[in-house]
Every structure is written in structure tokens, then in C-alpha cells.
Amino acid sequence: SKTAYVRTKPHLNIGTMGHVDHGKTTLTAAITKVLAERGTGTFVPFDRIDRAPEEAARGITINIAHVEYETDTRHYAHVDMPGHADYVKNMVTGAAQLDGAILVVSALDGIMPQTAEHVLLARQVGVDHIVVALNKADGTDDEELIDLVELEVRDLLTAQGYPGDSVPVVRVSGLRALEGDPRWTASIEALLDAVDTYVPMPERYLDAPFLLSVENVLTITGRGTVVTGAVERGTVRVGDRVEVLGAGVETVVTGVETFGKPMEEAQAGDNVALLLRGVPRDAVRRGHVVAAPGSVVPRRRFTAQVYVLSAREGGRTTPVATGYRPQFYIRTADVVGDVDLGSAGVARPGETVEMCVELGREVPLEPGLGFAIREGGRTVGAGTIHSVGS
Ligand code: GDP
Ligand code: MG
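Report on the accompanying structure. All values derive from a computational prediction rather than experimental measurement.

1. Describing the overall build of the protein chain
Piece 1. Helix and strand content of the protein chain: seven helices and 26 strands.
Piece 2. By its C-alpha atoms, the protein chain is 60 × 60 × 35 Å across when sized along the principal axes.
Piece 3. The burial tally for the protein chain puts 54% of its 390 residues in the buried class.
Piece 4. A fraction of 71% describes how many contacts in the protein chain between residues 6 or more apart in sequence connect residues 24 or more apart.
Piece 5. By element, 50% of the accessible surface of the protein chain is carried by carbon and sulfur atoms, the whole surface being about 15,900 Å².

Take a look at the structure:
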């Protein structure tokens, strides 16, 4: 039988983000290698991270790789994604529930469009702590060039509301560390120390009623239907009764696992798989919510404060008006909704506006919940729910 997961250190969710080819996957592999050598992780080679399984449901496919490792003080689940679209979908839906992020910027190329968009998304979804890895630092002896890139990254972070002057910026080489070069291995250790010390342990709402938004659904032959996702709040154990909102079923959790290891109790912040008794595979989908029975009520209407992305940020070039009907990404759900802009009537790119939204179907909603607005495959807005209607 499988070894059980033993919770000995606080658990945090982090991830690499940044422009394509700046070295996110190489750095992820390098981190696992350095920690495997320290004896607190398992080396995950580049190819295994880059060939992440696709999570497909209702037309949205997200490629996402999860690796786990430990530093001296913490247990981390780390996500890495191959494509920009995967980041957008995953971050805006909050599926990754990142407690902190490693922003990977090539010291040779500097900030690029996706660097800026990921920082914006991180801000919008409430990732409050970013550590910068200035990667590919092995590629130049020109310290002044790297200084300039560092300055540019700090300015970008400041412009997006992060403390750009005090954010840790570590010069690393994922590639050289992966090759075993001692100098660059030390740079990865310095980066991990920065993550350990700079990213605080987030408040976990352990006493709140259990809630998990479904990221993926699988079938385990002979055992039943499994849903995966990050526990947003509360705790869950084998034997607990839960409700699957969206599927309209109530059932019992018959198994709880994290990274393939059974666990006694999953708690807020954990990435888990839950085995659900007697639930047909087809009944549950990405975007459904598994929660303590009666603890949340699905709704269709809400008011929200929304930032309409400017064209420069990859958003629209033209205003939106009442009657606009984009997709809303709320937790892991992707739902169409009708926008009412009230007396203002229109919202221009770059503006922050108040809007009323009526969704095409009910989902659990609550004040403070963040969401993204997408249209034709790109993010055009990001918002926070103010109040919830019927
Ligand atoms: P991603 O798209 O951000 O995940 O980038 P990858 O990890 O796939 O790396 C893109 C390219 O940059 C690959 O050819 C890597 O070998 C190279 N690369 C990654 N990290 C480094 C580094 O630290 N130094 C150098 N010189 N090249 C690197
Ligand atoms: Mg990659």
C-alpha cells in the first residue's frame, strides 16, 4: 500500500510565471534537482515537467505540471505551465491558488509582454508576494546589463502595486544548476531561501466550511470518480458528507490523497484528489464546487468592480457596453454572462467600472471573490465581486 502523507511542515503553493522561453521549466527542474541533492525532494527532469498532462473539460484545456518538494522549513507544491494561455486560464480562475510566485525573467532579454501580463494577473488574483529569478545570468558577464534588467523588473512590479524596491531579485541560472555547476547551484539555494523568507505563510481558513473548486475529474477503475483541486477553505476527511454544486448531488468522501499519497485530513491550501462515493463520471465537471452541505448557495447575479484591460495589456481596443456577453472565469468555472453597465452604459479599455452581471447558470458566488473576463481566447478584464443577488 502507499505511504501516507505526513504533515510535518507548513504547506504552500507556489509557481513559476514569466515570458515563454525565459526558463521557467528549466528552473523548476533545477529546483527539484538541488533539493533532491539535499535529500528533501525528488528530481523531476525537464521533459517530465514540460509534458504536463492536459486537463481538459468543457472545451478549456490547461496544461499544468505539479511538482512537490521541501525546503528545511516548508513543503511546497509548485506549478509550471508550458504556454501563456495556460497561465491566463489557470491564474484567472484561481485554480493554482498561488500563495506566492517566482517571476522568471531572462537577464539577457529583460521584461517581455507575457512578463507584464503575468504580473498583472498575479495582482488581480491576489498573489501578494513575488520573488524574481533573473535567469540565464550565466549568459553574460555584463553586470551592468543585468542591473538594468533588474531595475526594469522592479519598476514593472512597482507600477503594478508591488513593493518593487524590496522584492527579492536573485540572479540565477537554471540551466547551469541543472548541469551541476556549484556556483549556480548556490544561486538556486539563494532563490529558495528568498522564497522561504519572503513569502509568508498565508492565513488558512481551517475553521470555515469545506470548499474545493473542481479542476479536473478522473475515473479510477474499480474505485469510482475522483475530483482534483486545491482546498480553498476548511478541512475534509474520509467519511465526510459533501455536496457537489453544479452536479446537484450529495455524497460521501471515500478517499483523500495528495501527490498520490493518502492523507487523513486535507486542509485549506492543500492540492488534493477526493474520491466520491457513487458519483458517475459524467455528473461532475471542472468548475463544479465540492463543499460542506448547505454551506454555499449558487447564484446567477452579482455586482462587481471590474478593470477593463487596455489594448497595451492585451485587452480590447474598443469599449464594452451594456449587452456585452463575454465568458466569466470564476474559480475554476467558465460561464457566459450578460453585462449591465447601468447609467454609464459603456466602459473603455483601461477603465475601472462597476457592473451588474447575470450568468448563464448558477455558481457559488460571494463578495470578495475574484474573476476574469475572457473573450475570443484572451483576457479582457479582471474583477472582484461586491455583492451577490438572486
Ligand atoms: P520556459 O518556456 O520559460 O519554460 O523556458 P524553458 O525552461 O523551456 O527554457 C527555454 C530555453 O532557455 C531552453 O533552450 C533552455 O535550455 C534555455 N535556458 C533555460 N534556463 C537557462 C539558463 O539559466 N541559462 C541559459 N543560458 N539558458 C537557459
Ligand atoms: Mg516551460
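2. Things to note about helix H1 (residues 24-38)
Piece 1. Taking 1.5 Å of rise per residue, the 15 residues of H1 would be expected to cover 21 Å, and the 21 Å separating its terminal C-alpha atoms lies within 8% of that figure.
Piece 2. For H1, the tally of buried residues reaches twelve of 15 residues, placing the bulk of the element in the interior.
Piece 3. Those residues of H1 that sit buried are Lys24, Thr25, Thr26, Leu27, Thr28, Ala29, Ala30, Ile31, Thr32, Lys33, Val34 and Leu35.
Piece 4. Immediately beyond the C-terminal end of H1, within one or two residues, lies Gly39, with a positive phi of roughly 90°.

3. So, the pairing of strand S17 (residues 271-276)
Piece 1. Taking burial as the measure, the six residues of S17 include six buried ones, the bulk of the element.
Piece 2. Pairing analysis gives six bridges linking strand S11 (residues 224-233) to S17, with the strands arranged antiparallel. The residue of S17 that forms the bridge with Gly229 is Val272.
Piece 3. Bridging between strand S14 (residues 249-258) and S17 involves four bridges; their strand directions are antiparallel. Paired with Val256 across the two strands is Leu274, which belongs to S17.

4. Focus: the pattern of salt bridges
Piece 1. Counted according to the given criterion, the structure contains 25 salt bridges.
Piece 2. Arg123 serves as the salt-bridge partner of Asp128, at 2.8 Å between the closest nitrogen and oxygen.
Piece 3. Given the relative accessible area of 26%, Arg123 is considered partly exposed.
Piece 4. A cluster of three or more residues bridged by salt bridges with shared partners is formed by Glu143, Asp147, Glu150, Arg154 and Arg171.

5. Quick notes on the packing of aromatic side chains
Piece 1. Applying the stated rule across the entire model yields four aromatic pairs.
Piece 2. With 5.8 Å between their ring centres and 45° between their planes, Tyr69 and Tyr76 make a pair best called tilted.
Piece 3. Taking relative accessible area as the criterion, Tyr69 reaches 2% and is therefore assigned buried.
Piece 4. Take Tyr76: its relative accessible area is 1%, and that puts it in the buried class.
Piece 5. Ring centres of Phe328 and Phe371 lie 5.8 Å apart, and the angle between their planes is 50°; on these two criteria the pair is classed as tilted. Linking Phe328 in strand S21 (residues 327-330) with Phe371 in strand S25 (residues 370-375), this pair joins segments that are 43 residues apart in sequence. Phe371 matches Phe328 in its accessibility class, with the two residues each being buried.
Piece 6. Grouped by ring-pair contacts, the aromatic residues Phe302, Phe328 and Phe371 constitute a single cluster.
Piece 7. For Arg374, the ring lying beneath its charged end belongs to Tyr329, and the centroid distance is 5.8 Å.

6. Some words on unusual backbone geometry
Glycine aside, a negative phi is what most residues show, and trans is what most peptide bonds show.
Piece 1. Here the phi dihedral of Asp21 falls at roughly 75°; this positive angle occurs in a residue that is not glycine.
Piece 2. Take Asp21: it is sitting in the loop between strand S1 (11-17) and H1.
Piece 3. Backbone geometry at Lys136 places phi at a positive 65°, although glycine is not the residue there.
Piece 4. Mapped onto the elements of the fold, Lys136 is located in the loop between strand S7 (130-135) and helix H5 (143-159).
Piece 5. Residue classification places Lys136 among the partly exposed residues on the basis of a relative accessible area of 27%.

7. Quick notes on the sheet that holds strand S19 (residues 298-308)
Backbone-to-backbone hydrogen bonds pair the strands of a sheet. The strands run either parallel or antiparallel.
Piece 1. Taking strand neighbours around the barrel as the criterion, the six strands line up as S19-S24-S22-S21-S25-S26 in a closed arrangement whose pairing is antiparallel. Neighbour to neighbour, the strand axes of the sheet diverge by 45° on average, direction disregarded.

8. As for the side chain of Arg74
Piece 1. Locating Arg74 in the fold gives a position in the loop between strand S4 (65-70) and strand S5 (75-80).
Piece 2. With no salt bridge to any partner, buried Arg74 finds its closest opposite charge in Asp196, at an N-O distance of 4.6 Å.
Piece 3. A distance of 3.2 Å separates a polar atom in the side chain of Arg74 from a polar atom in the side chain of Tyr76.
Piece 4. Among the polar contacts made by the side chain of Arg74, one reaches the main-chain carbonyl oxygen of Val199 at a distance of 2.8 Å.
Piece 5. Ignoring any residue separated from it by four or fewer positions in sequence, one finds Arg74 in contact with Lys9, Pro10, Leu12, Tyr69, Val195, Asp196, Val199, Pro200 and Met201.

9. So, the site of ligand 1
Piece 1. Taken together, 15 residues sit near ligand 1, with Asp21, Lys24, Thr25, Thr26 and Asp138 positioned nearest.
Piece 2. One of the side-chain N or O atoms of Thr26 is found 2.5 Å from an oxygen atom in ligand 1.
Piece 3. At 3.1 Å from an oxygen atom of ligand 1 is found a side-chain nitrogen or oxygen belonging to Asn135.
Piece 4. Elements with a contribution of two residues or more to the shell around ligand 1: H1 and helix H6 (174-178).
Piece 5. Here the shell around ligand 1 gets three residues from one element, more than from any other, and that element is H1.
Piece 6. Among the residues making up the shell around ligand 1, the classes are represented as three nonpolar, eight polar and four charged.

10. Thoughts on the sheet that holds S4
Piece 1. Ordered by their spatial adjacency, six strands build an open sheet running S4-S5-S1-S6-S7-S8, and the pairing between neighbours is mixed. Looking at which strands have only one partner, the edges of the open sheet turn out to be S4 and strand S8 (169-171). Between one strand axis and the next, the sheet turns by 25° as a mean value, whatever way the strands run.
Piece 2. Sheet topology places S4 next to S5; six bridges connect them, and they run antiparallel. Note on S5: the bridge partner recorded for Ala65 is Asp80.
Piece 3. The strands that H5 touches are strand S6 (100-106), S7 and S8; relative to S7, the one it contacts most, it runs at about 155°.
Piece 4. Contacts between helix H7 (residues 182-198) and the sheet are confined to S1, S4, S5, S6, S7 and S8, with S7 contributing the most and set at about 170° to the helix.

Thresholds applied
Note that residues are indexed from 1 along each chain, following the sequence as it is written. Chain letters and ligand numbers both follow the written order, the letters beginning at A and the numbers at 1. Reporting of local features is limited, given that this is a predicted model, to residues whose pLDDT is at least 70; pairs of side-chain atoms are given and counted only at 80 or more, and all residues count toward the totals for whole chains, interfaces and linings. Remark: hydrogens and water are excluded; side-chain values derive from all non-hydrogen atoms of the structure. Each helix corresponds to a stretch of at least 4 residues labelled H or I by DSSP, and each strand to a stretch of at least 2 residues labelled E; elements are numbered beginning at the N terminus. Residue exposure (1.4 Å probe, protein chains only): buried if accessible area is under 20% of the type maximum, exposed if over 50%, otherwise partly exposed. Contacts are residue-level and defined by heavy atoms, with any inter-residue pair within 4.5 Å sufficient. Only the protein chains shown count as covering a residue, and every accessible area follows the Shrake-Rupley method with a 1.4 Å probe. To estimate the expected span of a helix, count its residues, drop one, and scale the result by 1.5 Å. By the convention used here, strands pair only if DSSP detects at least 2 bridges between them. By convention in these notes, a salt bridge is any Lys or Arg side-chain nitrogen within 4 Å of a carboxyl oxygen on Asp or Glu. Between rings of Phe, Tyr and Trp, where Trp is taken as its six-membered ring, a pair exists when centres lie within 6.5 Å; planes separated by under 30 degrees are stacked, by over 60 edge-to-face, and by other angles tilted. Criterion for a charge above a ring: Lys NZ or Arg CZ within 6 Å of the ring centre, and within 35 degrees of the ring normal. Fitted lines through C-alpha atoms serve as axes, helices being fitted only where they are in contact, and the angles separating the N-to-C directions of these axes extend from 0 to 180 degrees. Counting rule applied: Lys, Arg positive; Asp, Glu negative; His and chain ends not counted. For the purposes of these results, a polar contact is taken to be a pair of N or O atoms within 3.5 Å, where, inside protein, one atom must be able to donate a hydrogen and its partner to accept one; residues adjacent in sequence count only when each atom of the pair is a side-chain atom. Note on terminology: near, applied to a residue and a molecule or strand, indicates that one of the residue's heavy atoms is within 4 Å of it. Three categories are distinguished: nonpolar for Ala, Val, Leu, Ile, Met, Phe, Trp, Tyr, Cys and Pro, charged for Asp, Glu, Lys and Arg, and polar for the others, with Gly belonging to the last.

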